[in-house]
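A closer look at the structure
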Amino acid sequence: MVRSSISGSGTALLYFPGAVPLSQVHPSALLLCSEDRGELRHPRSALQPCKPRTTTAVTTYRSELSGSRVLSCISSKCVSASLQKELTSKKRDEFEDILEERRLSSDLRYAMKCYTPVIYKGLSPCKPNAIKSVVLQSEQVQYVIKQLAKEMGESPDIIQEEATEILDEMGHSMQLGTVRFFAFTLSKIFKQLFQRVCVNEEGMQRLQRAIQEHPVVLLPSHRSYVDFLMLSYLLYTYDLALPVIAAGIDFLGMKIVGELLRRAGAFFMRRSFGGNRLYWAVFAEYVKTMLRNGYAPIEFFLEGTRSRTAKTLTPKFGLLSIVMEPFFKREVFDTYLVPISISYERILEESLYAYELLGVPKPKESTSGLLKARRILSDNFGTIHIYVGQPVSLRTLASGRINLCPYNLVPRHLPQKPTEDIQEFVSDVAYKMELLQIENMVLSPWVLVAAVLLQNLPAMDFELLIEKTVWLKGLTQTFGGFIEWPDNLCAKKAVTSGLSLHSNIARLVDGHVVLNDKGVEDGAVGEIVFKRALVILMCSTYRNQLLNVFVRPSLVALALQMTRSFRKEEVYSSFSFLRDIFSDEFIFFPGISLKDFEEGCFLLTKCDAIQATQQEIYPTDKGSVVVSFLSAMFRPFVEGYQLIFRYLSKETKEAFTEKQFIPGVRNFVFQLLEKGTTQCYEALSSDMQKNALAALVQLGAVKKKKMANGFSYSVNQEAIHKILDVFDARTPIQKPMAARL
Amino acid sequence: MRRQEILKWNGWGYNDSKFIFNKKGQAEFTGKRYRLGGMVLPTFKEWIEKTFGASLEHKTTSRASLNVNDVPPPIVNEEFLQDLRATKISYSQDAEDRVFRAHGHCLHEIFVLREGMFKRIPDIVVWPVSHEDVVKIVELACKHNLCIIPFGGGTSVSSALECPEEEKRTIVSLDTSQMNRILWIDEKNLTACVEAGIIGQDLEKQLSESGFCTGHEPDSMEFSSLGGWVATRASGMKKNIYGNIEDLVIHIKMVTPRGIVEKNCQVPRMSTGPDIHHFIMGSEGTLGVVTEVTIKIRPLPEYQKYGSVVFPNFERGVACLREVAKQRCAPASIRLVDNAQFQFGHALKPQVASIFTSFLDGLKKFYITKFKGFDPNILCVATLLFEGDREKVLQHEKQVYDIATKFGGLAAGEDNGQRGYMLTFVIAYLRDLGLDYYVIGESFETSVPWDRVLDLCRNVKERIVRECKEKGVQFAPFSTCRVTQTYDAGACVYFYFAFNYRGISDPIHVYEEIERAAREEILANGGSLSHHHGVGKLRKRWMKESISDVGLGMLRSVKEYVDPNNIFGNKNLL
């Protein structure tokens, strides 16, 4: 396991320009090189904490600038750290509340307004049904139909019939009437649910230009079903072309609602269709046809599903590689990828998620369920922030990186497995886009409160909470976090309003803030644990929004504690180990462990938490507060993973499925919590359990085998014990990797 | 040597033929050599101003004549000169003679002529009059270790004629222009043996006296030579009937440092291993000098007819050409120009002679744009040339027009077609006019499979526009294309690209970067490195990518065997 991480760091070094040993380079030196201007910049100026709510002039060239910056990151991998730094220095756009106008004027008039969106300059106008027949008649689909007919000895007509059915199940049928219906009802609902819906208008303007120029792919973060409704609502409000949205087929199970969504632009994909060649061909061609024609912006979620933890999920590559293909084949000149960050002050599904994570199954999407859920209308869900990021040109990303020769040697309509190069590129782009989502994600003050609170359970002095929250705000900003905290908002007010919005999670009792796990006192032990776990998981949903901003410095801090040595190379070994272990838990750009380490060190140096010399890293006196706060923030993960690993180390079964693993580990943790031997409630989260298992598979400590119905896993006990030993600091991480530093 | 006197020293073509703005400020084409000669082009000035943002007030002028003092002094070894004199082959060390043969017609070369000087030029020019003379020269070059650069018509657009700067040996420019005789015509087999220095139009003129033609008509045929066609794998406008150079050639004699290479018979085809002609065609002067070529000839066609078709848009036009190719009924020539080039052609319309023609033109325009609903800013035009027996031509014509109708095409008259082909020859003169007004431009070409034609055209044009913007070009560039040849499996696409460079300090560098980006784009779109211009030194960097490592090695090993001391050291291709 350690070896695999060694080779990982090796690659990182290969990409490192000039291959100067880290020990000779001050971390900040790496940031000196400003990619797009070719001039040296002082690191300070590149790292001025951002000021939210500053207006910036947007020029047409901005998108290209940012594109080239991203490009340099992707194409050479090594500059990603400096890239992130640079972006934090950018001034952020101002937000506009789109509900404000809704509260002042008629919703009906708004729904009936003259809607003439700007469209793609190369658009060949087309009705939804015409698209379907274009897809059906396309060489791509016809080829697969003929192949299948030959293989199965069936008549092509029968398979064509099947393809038609697939298309009818899949295809959207966007209608202006339905859109107007949604515009009206959503206005009513959103005004009920949310205080404000804030959007960066400049992002919308950039998007408007992008839509005219090239086909556009919208890549929003996914925290709630509200995401895609809100995004379409937003585009309608700004008179932009409404997107077609890749939605899970589950929605079709909902009477009326499924059809309504279809008419509002949703198209439906089955959850898994890897093996079904016809389905794959039809689906891919459907998406690509809409993209090539510039029919409408295409929207889908890189994360694949709603993140139940509010932590960004590792990306899925299937749809992304489909939308990138027309560019690879040069059927379009370029494609814009637009990262969109949607953050909720209070997530609509927060308690559902917590139940789900604890193993209470997700209620099936149904219309009656939706109607039952209407009682939430009386609740307050605070503010939504939508940050429409800079459109990223795929052409710029790919420039100099992709060898298109394979695409030139095969007719373009034949299904072709992407080369390894292409697969790696798709993966890099996916991570890049998620990192951009993270970077632009607005954090509410409550997120800080939750992070502080979780370190001070079961109760915390109110004044101390305020003090710590303010302190954390500073730290977050130093690390490049994007906090929406108006200058004139006093800390006490911010915390109080957070508490009142989230009264289901925490409340103020006698000058102390306590978790709101009512009924805990009287009940069976099991029930107490369950209820407490629910609240803690809900609370951690908010803290989680900070984690990807904090993860690099925090892993350095954890590594410092684990290593018990100040030698830089040893700290780096531990860092690398943790980064590998948590590779599915947090978002890391693939293969740049060293850069991430340097970034972490740099941020810690910047807030005076550590001092770094050529060979050593050690916490300053002042810095121990920061270091211990950061490691405590990630403690639940370290402990949770250890618990999960321990469970697996006791696993005796030859092979098990995920369905067996999750309840098994849950029971194991549950018992420990009941006994009081651990306080790590978060280890109950099925999300963490799955991530830990996936990491072990990647590290080779668990073997994953494809079976007829799903996967089966088997444990390599020796490897698991080795990992546990490293956690317990019983064995040092092997040296060779350090030698490369 | 005579030729040099009637040709421009710092631009394209004949001295007496050029675009000028007359005293009234109207554009005019001078001379009597072309149909356009002496005519006034009333709308051309406006087109230039609109397209390039150029203004007649901002003018740059070339040096009036070559400054002999700037020319690098010749390096010639006396022993060689003595040996050369002994052969009685005429030669010259005159500065003008040497500079004239130091370049082709790439933009940067013309720019250097107008404003600077080449770092390295030939040291001596020799004029062999026969195959035997060439043998002697090559022997001398081997004996004295000199570098020979063969020179035919000098129309290269791939930097193939430029002397490598680092070449320390004496560079001999071997001008083939005096080897210009037709040695014999074999009417039974319809072949002619011709010395390689003959210029295209002379070859056709002389053959026509006997009632024959080769039918090979590259756009440069007024100036380019038979040997040059062979050395670059040239393609002619009428290849649909007559074939490209590789289809026309029956026998080649080439003098190399190793000796003479040729086949022992003059047969239509043979199976004797890889065809050695294919080592020679496209070798770009790196292996030896082609001295004599036996080429296929045809009886002169009885009847020629031009034609043109208007299509509602470029997509339909390409689809029509594809169908024509599929049915294998392409006329001698069929070309499709995009809208920008259609408008450009329109701007070159001479003043109409009578009110009646002007009225007719107006009527035609009304019919096409108003009655048929074609958008003048989208429509595009195909020009056609039919050749053969009168009856067959008319039949053929009907077949092609029927196909065109299926793709929404409207016949647009013979005159427009003929003008289109005339412009092909005249268009090359335009660059010199542009250069006077801060506009630089060039053409480049590629070949591409049918299914990628549209994507390639769109993407390359768009790439040019973007690169210009990025490189600080202030006015949107003129970026246009035409499909000039159709094949079973694809087409040849020709791009023109020009921009106004005011405000840019190093226009040639910017131009070259953009052209390079455009070439990258072509390759990424599945186009070839070149259809007929060749590689030269301009496109060498993509050779490996184009033909693979092993492929390059194969070519290298031929070079190493044939010319181990790199006597033919123009550094093209490899």
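Here the structure is a predicted model, which is why all the values come from computation and not from measurement.

What about the overall build of chain A?
- Broken down by element type, chain A carries 31 helices and 20 strands.
- Expressed as a percentage of the 741 residues in chain A, the buried residues total 59%.
- Sequence-distant contacts in chain A: of pairs separated by 6 or more residues, those separated by 24 or more amount to 79%.
- As displayed, chain A offers around 29600 Å² of accessible surface, 54% of which is attributable to carbon and sulfur atoms.

Side note on the state of the cysteines
Residue and element names in this part refer to chain A.
- For the structure on display, the rule yields 0 disulfides over all chains.
- The thiol of Cys539 is unpaired, and the distance to the nearest cysteine sulfur, on Cys680, comes to 14 Å.
- A relative accessible area of 0% means that Cys539 is categorised as buried.

Describing the sheet that holds strand S16 (residues 333-337) of chain B
Residues and elements named next belong to chain B.
- As summarised here, the arrangement of the 7 strands in space is S18-S15-S17-S16-S20-S21-S19, forming an open sheet in which the pairing is antiparallel. Two strands lie at the open edges of the sheet, namely strand S18 (410-411) and strand S19 (439-449), each paired on one side alone.
- Pairing analysis gives 11 bridges linking S19 to strand S21 (residues 490-500), with the strands arranged antiparallel. Note on S21: the bridge partner recorded for Glu442 is Phe497.
- Contacts from helix H17 (residues 453-470) reach S19, strand S20 (478-486) and S21, with the element oriented near 15° to S21.

Some details on the pattern of salt bridges
Residue and element names in this part refer to chain A.
- One pass over the full model with this rule turns up 69 salt bridges over all chains.
- The shortest N-O distance in the salt bridge between Lys288 and Glu325 comes to 2.6 Å. You can see Lys288 sitting in helix H14 (residues 277-293) and its partner Glu325 sitting in helix H15 (residues 318-328), a full 37 residues away along the chain.
- Exposure remark for Lys288: the relative accessible area of 9% places this residue in the buried category.
- Put simply, Arg346 and Asp379 hold a salt bridge, and the shortest N to O gap is 3.3 Å.

Details of the domain arrangement of chain B
All names here are of chain B.
- For chain B, the domain assignment lists domain 1 (3-52), domain 2 (68-175), domain 3 (182-299) and domain 4 (438-533).
- Counting residues at the interface gives 8 residues for domain 1 and 12 residues for domain 2.
- A per-residue breakdown of the area domain 1 buries against domain 2 is headed by Gln4, Trp9 and Trp12, which together make up 61% of the total.
- Put simply, domain 1 and domain 2 have 0 salt bridges between them.
- By residue class, the composition of the side of domain 1 that touches domain 2 is 3 nonpolar, 3 polar and 2 charged.

Examining a nonpolar patch on the surface
- A cluster of nonpolar side chains, contributed by B:Phe366, B:Tyr367 and B:Phe371, occupies part of the molecular surface with about 360 Å² of accessible area.
- Mapped onto the elements, B:Phe366 comes out in helix H14 (residues 355-371).

Concerning a negative patch on the surface
- Negative charge collects at one region of the surface, where A:Glu154, A:Asp157, A:Glu161, A:Glu162 and A:Glu165 lie side by side.
- Checked against the element boundaries, A:Glu165 lands in helix H9 (residues 156-170).

So, helix H28 (residues 658-675) of chain A
- With 18 residues, H28(A) should cover 26 Å at 1.5 Å per step; its first-to-last C-alpha distance of 26 Å lies within 8% of that length.
- A:Gly676 sits one or two residues past H28(A) and shows a positive phi near 85°.

Focus on the interface of chain B and chain A
- Tallying the contact residues gives 14 residues for chain B and 16 residues for chain A.
- Roughly 1300 Å² is buried in total at the junction of chain B and chain A, and carbon and sulfur atoms are behind 36% of that figure.
- For the interface between chain B and chain A, the tally reads 6 salt bridges.
- The residue A:Arg412 makes a salt bridge to B:Asp451 at a minimum N-O spacing of 3.6 Å.
- For the interface between chain B and chain A, the tally reads 12 residue pairs in polar contact (both at pLDDT 80 or more).
- Put simply, the parts of the chain that give the side of chain B that touches chain A at least two residues each are H17 and helix H18 (507-524) of chain B.
- Residue composition of the side of chain B that touches chain A, by class: 2 nonpolar, 3 polar and 9 charged.

Description of unusual backbone geometry
- Between A:Leu457 and the following residue, A:Pro458, the backbone shows a cis peptide bond with an omega angle of 5°.
- Of note in the backbone geometry, B:Asn145 takes a positive phi value of approximately 50° without being a glycine.
- Its relative accessible area of 38% is what places B:Asn145 among the partly exposed residues.
- We note that B:Arg233 has phi near 55°; this positive angle belongs to a residue other than glycine.
- By the element assignment, B:Arg233 lies in the loop between helix H8 (226-232) and helix H9 (239-242).
- Note on B:Arg233: relative accessible area 33%, which makes it partly exposed.

A look at the confidence of the model for chain A
Residues and elements named next belong to chain A.
- A residue-level look at chain A finds 85% of positions with pLDDT of 70 or above and a mean pLDDT of 84.
- Contacts for the low-pLDDT stretch residues 1-89, under 50 throughout, to residues beyond four places or in other chains number 168 contacts.
- Overall, residues 735-741 carries pLDDT values under 50, and its contacts beyond four positions in sequence, including any with other chains, amount to 18 contacts.

Describing the UniProt feature "binding site: substrate" (unreviewed entry) in chain B
Residues and elements named next belong to chain B.
- Following the UniProt record, the feature "binding site: substrate" (unreviewed entry) maps to Arg431 here.
- Within the fold, Arg431 resides in helix H16 (residues 414-436).
- Residues in contact with Arg431, not counting those within four places in the same chain, are His105, Cys106, Leu107, Ile110, Gly441 and Glu442.
- A distance of 2.7 Å separates the side chain of Arg431 from the backbone oxygen of His105, its partner in a polar contact.

A few points about the side chain of B:Glu397
- Within the fold, B:Glu397 resides in helix H15 (residues 390-406).
- Residues within four places of B:Glu397 in sequence aside, it is in contact with B:Lys305 and B:Phe386.

Some thoughts on the pairing of strand S5 (residues 216-220) of chain A
Residue and element names in this part refer to chain A.
- Most of S5 is tucked away, with 5 of its 5 residues classed as buried.
- Residues Val216, Leu218 and Pro220 of S5 are buried on one face, and the alternating residues Val217 and Leu219, pointing to the opposite face, are buried as well.
- Taken together, the 5 bridges between S5 and strand S9 (residues 336-344) define a ladder with parallel strand orientation. Note on S9: the bridge partner recorded for Val217 is Leu337.

Considerations on the nonpolar core
- Within the largest apolar cluster, 224 residues are counted, with the highest numbers of intra-cluster contacts made by A:Phe194, A:Phe283, A:Phe300, A:Ile386, A:Phe550 and A:Phe645.
- Here this core takes 21 residues from helix H24 (residues 525-563) of chain A, the largest share from any one element.
- Membership of the second largest hydrophobic core comes to 60 residues, among which are B:Leu336, B:Trp450, B:Val483 and B:Tyr511.

Some details on the sheet that holds strand S6 (residues 147-151) of chain B
Residue and element names in this part refer to chain B.
- Taken together, 4 strands build an open sheet; the order of strands is S4-S5-S7-S6 and the sheet is mixed. Among the strands making up the open sheet, the edge pair consists of strand S4 (90-92) and S6. In this sheet, adjacent strand axes meet at a mean angle of 25° when their direction is disregarded.
- Along the sheet face, helix H3 (residues 78-87) touches S4, strand S5 (124-127) and strand S7 (171-175) and points at about 15° away from the line of S5.

Side note on the packing of aromatic side chains
- A complete count under the given rule lists 59 aromatic pairs over all chains for this structure.
- Arranged with centres 5.1 Å apart and planes meeting at 65°, the rings of A:Tyr225 and A:Phe251 form a pair that is edge-to-face. In this pair, A:Tyr225 sits in the loop between S5 and helix H12 (226-237) while A:Phe251 sits in the loop between strand S6 (244-248) and helix H13 (257-263), placing the two residues 26 residues apart along the sequence.
- Judged by its relative accessible area of 24%, A:Tyr225 is partly exposed.
- Ring pairing ties together the aromatic residues B:Phe19, B:Phe29, B:Tyr34, B:Phe44, B:Trp47, B:Phe52, B:Phe344, B:Tyr429 and B:Phe478, which thus form one cluster.
- The ring centre of B:Tyr303 lies 4.9 Å from the NZ or CZ of B:Arg390, which sits over that ring.

Cut-offs and rules
Residues numbered from 1 in each chain as written. Chains lettered and ligands numbered in written order. Predicted model: local features only at pLDDT ≥ 70, side-chain atom pairs only at ≥ 80, totals over all residues. Heavy atoms only, no water. Helix = DSSP H or I, 4+ residues; strand = E, 2+ residues; numbered from the N terminus. Buried < 20%, exposed > 50% of the residue type's maximum accessible area, 1.4 Å probe, protein only. Contact = heavy atoms within 4.5 Å. Areas by Shrake-Rupley, 256 points an atom, 1.4 Å probe, with all protein chains shown as cover. Disulfide = S-S within 2.5 Å. Pairing = 2+ DSSP bridges. Axes fitted to C-alpha atoms, helices over the stretch in contact; angles between N-to-C directions. Salt bridge = Lys/Arg side-chain N within 4 Å of Asp/Glu carboxyl O. Domains from an automatic or database assignment. Buried area = accessible area lost by both parts, 1.4 Å probe. Nonpolar A, V, L, I, M, F, W, Y, C, P; charged D, E, K, R; others polar. Patch = residues over 30% accessible without salt bridge, like charges linked within 9 Å, V, L, I, M, F, W, Y side chains within 5 Å. Lys, Arg positive; Asp, Glu negative; His and termini not counted. Charge placed at Lys NZ, Arg CZ, Asp CG, Glu CD. Expected span 1.5 Å × (residues − 1). Polar contact = N/O pair within 3.5 Å; in protein donor to acceptor, adjacent residues only side chain to side chain. pLDDT = per-residue confidence, 0-100. UniProt positions renumbered as here; feature names shortened; annotations may be inferred. Core = buried A, V, L, I, M, F, W, Y, C linked by side-chain atoms within 4.5 Å. Phe/Tyr/Trp six-rings, centres within 6.5 Å; stacked < 30°, edge-to-face > 60°. Lys NZ or Arg CZ within 6 Å of the ring centre and 35° of its normal.

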